[in-house]
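# Observations on the three-dimensional arrangement
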Amino acid sequence: MKKLFVFFFLGSLFFVVLLLGDSCQKPPLPCDAPNPTAYVFTKPTRFPDMSIPANNPLTEEGIELGHYLFFDSTLSFNQSISCGSCHRPEFGFADSGKVVSLNAKGLPTKRNTPALLNSGYQNKFFYDGRKTTLEGAIDDAITDEMFINWESTIAYLSKSSFYQPKFKAAFGCDSAVSKTNILAAMGQFIRTIISTGHSALDEKLIVPNNPSLLSTSEYNGYQIFTSARGDCFHCHFTSPLTSDNLFHNSGLEDTDTTFFGFRDLGRGGFTKDSIDNGKFKTPTLRNITMTGPYMHDGSIATLMDVINFYSDSVKWSPTLDPKMIHAGNIRLSLTTTEKSDLLAFMQTMADRDISVDPRFFNPFHKK
């Protein structure tokens, strides 16, 4: 009887081992933890510190990955456009002189393409400020304009022998290819698109803080820009970033006496508050000579046309910014010489070094 019990016990134990199978084996070794190289961020003199998310620090590997993803048309549903198709370095990271861009379906976008320069310093994105993080703005753009299919894109990137090591180097191998990491990498790359500090504005005015280094015409334009005569500085000259990152109705449309007659409600379309109707975010003036046409709808062709508009064609509406009213008048009526001088000063904001920097070229076109 005892022998029979021992035989039954051993047989049962063997059966249990068979049932457990691989679960009795040692678990596989975990992937190596990522060890990306911290990116050394160098900001131009007198620029503020950039607020970089703690959960998405800048790394060399993450930026490289984001660079490729930024220019990869396979992120669009039909592989027709990339982020870099509409944000081109040679045009100040705006589009190529287009009133509006075309989305992946070949249809016009709602608004003129904003420049990406110094986006890492912003806390609200798009002309209506509907996104409060850069990663959220990227998600919005590639969803609404490129019509990305996240499931198929993640599957493609996960199987790509080109992208696999890049994701692993940047984020490790545990679920390295994910929507979160795609957006994080692209956010890292875009945060590196900052002014070099080599514009005439920096070298003549901001760094030495010596307006006398400007030419006579530039200096006269500077005086107009920073005084009640032009009154540009309230929205554009609060820092080296040349934008207050706030929302204003600058008088592009006349809506008579109603709050709702705007073709584009702007900020109000997002907040649903009529007091915000017709207000749009102040754009940076850095490289402004390269990013035309201008305004949220691309309706003004040249920079001189913009100056003419603010001088002679501002329209009244209930939400018109009070700063647009000068001694009871909404027209500045600048002289021809004043307009020319103002243009000369605004041209000092051109920082063309960044437009020819190979770090921002399409990496798929490198020889």
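Calculation criteria
Residues numbered from 1 in each chain as written. Predicted model: local features only at pLDDT ≥ 70, side-chain atom pairs only at ≥ 80, totals over all residues. Heavy atoms only, no water. Phe/Tyr/Trp six-rings, centres within 6.5 Å; stacked < 30°, edge-to-face > 60°. Lys NZ or Arg CZ within 6 Å of the ring centre and 35° of its normal. Helix = DSSP H or I, 4+ residues; strand = E, 2+ residues; numbered from the N terminus. Buried < 20%, exposed > 50% of the residue type's maximum accessible area, 1.4 Å probe, protein only. Axes fitted to C-alpha atoms, helices over the stretch in contact; angles between N-to-C directions. Parallel < 35°, antiparallel > 145°, perpendicular 65-115°, else oblique. Left-handed = near helix turned anticlockwise from the far one by under 90°. Contact = heavy atoms within 4.5 Å. Nonpolar A, V, L, I, M, F, W, Y, C, P; charged D, E, K, R; others polar. Disulfide = S-S within 2.5 Å. Salt bridge = Lys/Arg side-chain N within 4 Å of Asp/Glu carboxyl O. Expected span 1.5 Å × (residues − 1). pLDDT = per-residue confidence, 0-100. Arc of directions from axis to C-beta.

With that settled, the discussion passes to the packing of aromatic side chains. Following the criterion strictly, the structure yields 19 aromatic pairs and no others. Directly above the aromatic system of phenylalanine 147 lies the positively charged group of lysine 105, at a separation of 4.2 Å from the ring centroid. Over the aromatic face of phenylalanine 247 sits the side chain of arginine 267, whose NZ or CZ is 4.4 Å from the ring centroid.

We now examine unusual backbone geometry. Each neighbour pair has its own omega, and for glycine 292 with proline 293 the value is 0°, a cis peptide bond. Structurally, the position occupied by proline 293 is in the loop between strand S2 (280-281) and helix H12 (303-312). Not every positive phi belongs to a glycine, and glutamine 79 is a case in point at roughly 60°. Counting through the fold element by element, glutamine 79 comes out in the loop between helix H2 (60-70) and helix H3 (83-86). When its relative accessible area of 53% is taken as the criterion, glutamine 79 is described as exposed. Although it is not a glycine, phenylalanine 93 sits at a positive phi angle of roughly 65°. Within the fold, phenylalanine 93 resides in the loop between H3 and helix H4 (134-144).

On to the packing of H12 against helix H13 (residues 336-347), then. Close contact between H12 and H13 brings their axes to 10 Å; oriented N to C, the two are set at 130°. By the criterion of interaxial angle, the relationship of H12 to H13 is oblique. In the crossing of H12 with H13, the sense of the turn from one axis to the other is right-handed. From H12, Leu303, Met304, Ile307, Asn308, Ser311 and Asp312 reach across to H13, where they touch Lys339, Ser340, Leu342, Leu343 and Met346. A class-by-class count of the residues in the contact of H12 with H13 yields six nonpolar, three polar and two charged.

We now examine the state of the cysteines. Cysteine pairs can be linked by a disulfide, which is a covalent bond between their two sulfur atoms. Inspection of the entire model under this criterion finds zero disulfides. Of the cysteine sulfurs around cysteine 83, a residue in no disulfide, the closest is that of cysteine 86, at 8.6 Å. Between cysteine 232, a free cysteine, and cysteine 235, which holds the nearest cysteine sulfur, the sulfur-to-sulfur gap is 9.1 Å.

Time to look at the pattern of salt bridges. One pass over the full model with this rule turns up 17 salt bridges. With a closest N to O distance of 3.2 Å, aspartate 139 and lysine 179 form a salt bridge. Of the two residues, aspartate 139 is situated in helix H4 and lysine 179 in helix H7 (residues 179-191); the sequence distance between them amounts to 40 residues. By relative accessible area, which is 19% here, aspartate 139 ends up buried.

We now examine the packing of helix H5 (residues 150-159) against helix H6 (residues 163-171). Interaxial distance between H5 and H6 falls to 6 Å at its minimum, and their mutual angle equals 95°. Judged on the interaxial angle alone, H6 and H5 are roughly perpendicular. Across the interface between the two elements, Tyr156, Leu157, Ser158 and Lys159 of H5 pack against Tyr163, Gln164 and Phe167 of H6. Of the residues that constitute the contact of H5 with H6, the class distribution is four nonpolar, two polar and one charged.

Before going further, it helps to examine H13. The first and last C-alpha atoms of H13 sit 17 Å apart over 12 residues, in line with the 16 Å expected at 1.5 Å per residue. Where H13 is concerned, the buried positions are Glu338, Lys339, Asp341, Leu342, Leu343, Ala344, Phe345 and Met346. Contact partners of the buried residues in H13: helix H8 (200-206), helix H9 (216-225) and H12.

So, about the confidence of the model for the protein chain. Averaged over all residues, the pLDDT of the protein chain is 89; the fraction at 70 or higher stands at 88%. For the protein chain, the element scoring lowest by mean pLDDT is helix H1 (residues 2-20), at 42; H13 scores highest, at 98. Below a pLDDT of 50 lies the segment residues 1-29, which in the model reaches zero contacts outside its immediate sequence neighbourhood of four places, other chains included.

This next bit is on H5. Of the positions making up H5, those classed as buried are Trp150, Thr153 and Leu157. Buried residues in H5, looked at end-on, bunch into an arc of 65°, giving them a common side. Away from its buried face by more than 90 degrees, H5 exposes Glu151 and Lys159. Next to the buried residues of H5 lie H2, H4, H6 and H7.

To continue, consider the side chain of threonine 291. Here threonine 291 shows up in the loop between S2 and H12. You can call threonine 291 buried: its relative accessible area is 12%. If sequence neighbours within four positions are ignored, threonine 291 has contacts with Phe91, Gly92, Ala94 and Ala115.

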